[in-house]
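# Structural overview
These are the residues of each chain, in order.
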Amino acid sequence: MPIEITRLFDFPYHQLETYNLDKALTTKSNNKWESISTQEYVDKANQLSRGLLNLGVKPNDKIAVISTNNRTEWNICDIGVLQTGAQNVPIYPTICKEDYEYVLNHSEATYCFVSDVDVLEKLNKIKGNTKLKAVFTFDDIAGEKSWKEVLELGKDKSNQKEVEQRKDAVKTTDLATIIYTSGTTGKPKGVMLSHENIVSNVLASEGRVPLENGKDIGLSFLPICHIFERMILYLYQYCGVSIYFAESIEKLSENAQEIKPNVMTAVPRLYEKIYDKIILKGETLSGIKKALFFWAVNLGLKYEPNGANGWWYEKQLSLARKLIFSKWQAALGGKLKIMVSGSAALQPRLTRIFAAANMPIMEGYGLTETSPVISVNDKRNKGFKPGTVGKVINNVEVKIAETGEILVKGPNVMMGYFKDEAKSAEVLKDGYFYTGDKGEFDEEGFLKITGRTKEMFKTSGGKYVVPPLLEGELKQSLFIEQVMVVGEGEKMPAAIIQPNFDFIKDWIDKKDLKIGKTNEEIINSELVINRIQKEVDKCNTHFGKWEQIKRFELTPDVWSLDAGHLTPTMKMKRKIIKEIYQDLYDKIYRN
């Protein structure tokens, strides 16, 4: 009798019964890929559960997990914790120690699993201010408690009956996890997701991802503490996909060539970086090779699905795929059938070019509060449309409020914010979750995101400006890596821009320009400023006069997570960026 999946820990048991993979989870350690089977996965999760019971873990206790990279141990911990009726509280490894302290105290976590010495050092600085009874490490670190000690505690199977009783007591509507949103302003909010929230989302999303169940390989590298990647990993488990964990974003291409994945997920920023690297490589070519490369790129940028461009375009595309795009595929292993994108808006040019290259990116839309998927594109059955986030998945209802805000109802909508009834009441009304995003449906039922209500602002002239729309247009330029549109309460919109330094250095060489190549020299060069002005002017032609960027300033440093510009999901921290570049802001508006 097939296992009915109602709780998150049912997924590995379903996989065991249906596919029983030899390589369920695989992590690279000491330059060697090390796999565990589905049976070992289930056995170790039960062992961990028994160990946690012996430590005195009770139902509804909170267990924190902080890992620099995705790895096998994380998944064993996740299932092992959930089976005891306790909740898994994943924490972004890159947040500051003060946020570690806040999340651990707010969630009342009693135990914490950490991956490595870097995380441990940060945690040790604030551990004394928390209620943690012990910290266990995945890596072997001298003088520290290893997670293997918990497994050792669970070696004796005499309390497995109690584990089974705990599992039986967990209802689908029970709280499974608290995910603290990285937030672009203020303290993180603890999103409470039940087993039903995430399970329903996995089962509804499965119909949109063309996987060969029991045979495909997935490459995982987005932070598993983010609900997008975590839901995808449960989906892989449900479909019998062998999961390989990439060593790092830097080694993504190398790992892909080693394992030849069929599917992977990423956020738009990473697809932008992959594309930029490919274009930079094309710029180094010469003669007929270069001409062919950019012929293929220009062809790809005109791509429309379902043969809409006609037979002659399809004939040319077939040739471009053979001569040029096959090399793009080879750089990511050569067997990618599909890539999925979420967390932020994907530029339509990337959707088109990768689909043309036979590596389609299916853009979706969702939030942590919706577990996360609300809608997603599907390359089958005419369910794919560049510039949209696809059609709404089964079991989820979306309506557009009179204000244009997207409202969502369904079993995937969160239970609320942990210990914050007031904020919960602000976004959960009449059975709907108010997303804060604006959108519209086209005549074919595809959802399009048109802006974010919280990111809109009014100029001093009373005109509304939607920064993400301008930013998305500007970021299509190869000269611009990051951009933030500003101007709330000011007389005009303006932009703070981080140039694409790698591309500009290559452009300087190619044009043989007499410009220094340090970041400072680049941002102060009149030639560079004038070239970026051309990109801004081009962007402005798509917008009304009141929305157009009247001035911009360039930043000398690269915006990063470590420097505080970006959240762990690569979204801009608008308030922080404005504070960092207050001098540039003042130069725009006060000079």
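The structure under discussion appears in the preceding block.
The structure displayed is predicted, hence computed values, not measured ones.

Within the structure shown, the criterion is met by 17 aromatic pairs. With a centroid separation of 5.0 Å and an interplanar angle of 80 degrees, the aromatic rings of F325 and W328 are classed as edge-to-face. In this pair, F325 and W328 both sit in helix α13 (residues 311–331), three residues apart, roughly one turn of the helix. Ring centres 5.1 Å apart and planes at 85 degrees place the aromatic pair F479 and F503 in the edge-to-face group. Of the two residues, F479 is situated in the loop between α16 (467–474) and β24 (480–486) and F503 in helix α17 (residues 501–511); the sequence distance between them amounts to 24 residues. The exposure classification of F479 matches that of F503, with both residues buried. By the ring-pair criterion, three or more aromatic residues cluster together here, those being Y271, F293, F294, F325, W328 and F354. The ring centre of F446 lies 5.0 Å from the NZ or CZ of K391, which sits over that ring.

Two pairing modes exist for strands in a sheet, parallel and antiparallel, and in both the strands are linked by backbone hydrogen bonds. An order of β24-β25-β26 is seen for the three strands of this open sheet, with the pairing classed as mixed. Both outer strands of the open sheet, β24 and β26 (551–554), are each paired with one neighbouring strand and no more. The sheet shows a mean angle of 25 degrees between the axes of neighbouring strands, taken without regard to direction. Summarising the sheet, strand β25 (residues 494–499) and β26 pair through four bridges and their orientation is parallel.

What follows is about the sheet that holds strand β15 (residues 391–392). Across the sheet, which stays open at both edges, the nine strands sit in the order β2-β1-β10-β9-β11-β12-β13-β14-β15 with mixed pairing between neighbours. Of all strands in the sheet, those with a lone pairing partner are β2 (32–36) and β15, marking the two edges. Where strand β14 (residues 373–376) meets β15, two bridges bridge the pair, whose relative direction is antiparallel. Paired with S375 across the bridge in β15 is V392. Those strands touched by helix α9 (residues 227–239) are β9 (217–220), β10 (242–245), β11 (263–266), β12 (338–341) and β14, and its axis lies near 165 degrees from that of β11. Against the sheet, helix α11 (residues 268–283) makes contact with β11, β12 and β13 (361–366), and its axis sits at roughly 110 degrees relative to β11, the strand it touches most.

Right, let's get into the pattern of salt bridges. Tallying each qualifying case throughout the model produces 34 salt bridges. Between K97 and E98 there is a salt bridge; the shortest N-O distance is 3.1 Å. Assessed through its relative accessible area of 43%, E98 is described here as partly exposed. When the shortest N-O distance is used, the salt bridge between D509 and K517 registers 2.6 Å. Judged by relative accessible area, D509 falls into the partly exposed class, the value being 47%. Connected via shared salt-bridge partners are K28, E247, K251 and E258.

Turning our eyes to something else, we now look at α17. Looking at α17, one finds that the buried residues are F501, F503, I504, D506, W507 and I508. Looking at the buried residues of α17, the elements they touch are α11, β25, α18 (519–523) and α19 (526–540). Phi for D512, located one or two positions after α17, is positive at around 55 degrees.

Definitions and cut-offs
- Residues numbered from 1 in each chain as written.
- Predicted model: local features only at pLDDT ≥ 70, side-chain atom pairs only at ≥ 80, totals over all residues.
- Heavy atoms only, no water.
- Phe/Tyr/Trp six-rings, centres within 6.5 Å; stacked < 30°, edge-to-face > 60°.
- Helix = DSSP H or I, 4+ residues; strand = E, 2+ residues; numbered from the N terminus.
- Buried < 20%, exposed > 50% of the residue type's maximum accessible area, 1.4 Å probe, protein only.
- Lys NZ or Arg CZ within 6 Å of the ring centre and 35° of its normal.
- Pairing = 2+ DSSP bridges.
- Axes fitted to C-alpha atoms, helices over the stretch in contact; angles between N-to-C directions.
- Contact = heavy atoms within 4.5 Å.
- Salt bridge = Lys/Arg side-chain N within 4 Å of Asp/Glu carboxyl O.

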